[in-house]
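An overview of the molecular structure
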Amino acid sequence: MTIDEKLMSGILDRDQQALADLYDRYHRIIWNIARQTGSGPSVCEQLVAQVFRTVWTEPQNFMQNRQLLALLIDCCHSHHTDAQIKICS
């Protein structure tokens, strides 16, 4: 079992330390992805928080046969798109 699989298994079991460890492992990468959207620091912070909130509330969506990092990046892009739609509506 990989580190990511162990962390996601812990999150599925509602282990807050597993979420903290996942955050420590990937938050800088997700922050950099958020920055590539041209967003300012406060929006990047919100995007990072939303990604990890989604992991906590919907862990089953991150337990697919794809690399976890790819799923986190997709989630970040999805939240960014949703935010853009809300701003424009």
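Up top is the structure these notes are about.
Residues numbered from 1 in each chain as written. Predicted model: local features only at pLDDT ≥ 70, side-chain atom pairs only at ≥ 80, totals over all residues. Heavy atoms only, no water.

A closer look at the pattern of salt bridges
One pass over the structure, following the stated rule, counts 2 salt bridges. Here Asp4 makes a salt bridge to Arg25, at a shortest N to O gap of 2.9 Å. Of the two residues, Asp4 sits in helix α1 (residues 3-12) while Arg25 sits in helix α2 (residues 16-35), which places them 21 residues apart along the sequence. Looking at Asp4, the relative accessible area reads 15%, which means it is buried. Between Asp74 and Arg66 there is a salt bridge whose closest N-O contact spans 2.8 Å. (Salt bridge = Lys/Arg side-chain N within 4 Å of Asp/Glu carboxyl O. Helix = DSSP H or I, 4+ residues; strand = E, 2+ residues; numbered from the N terminus. Buried < 20%, exposed > 50% of the residue type's maximum accessible area, 1.4 Å probe, protein only.)

Overview of the packing of aromatic side chains
If you walk through the whole model with that rule in mind, you get 1 aromatic pair. Ring centres of Tyr23 and Phe52 lie 5.1 Å apart, and the angle between their planes is 70°; on these two criteria the pair is classed as edge-to-face. Of this pair, Tyr23 sits in helix α2 while Phe52 sits in helix α3 (residues 41-57), and the two are 29 residues apart along the sequence. Over the ring of Trp56 we find Arg14, and its NZ or CZ is 3.8 Å from the ring centre. (Phe/Tyr/Trp six-rings, centres within 6.5 Å; stacked < 30°, edge-to-face > 60°. Lys NZ or Arg CZ within 6 Å of the ring centre and 35° of its normal.)

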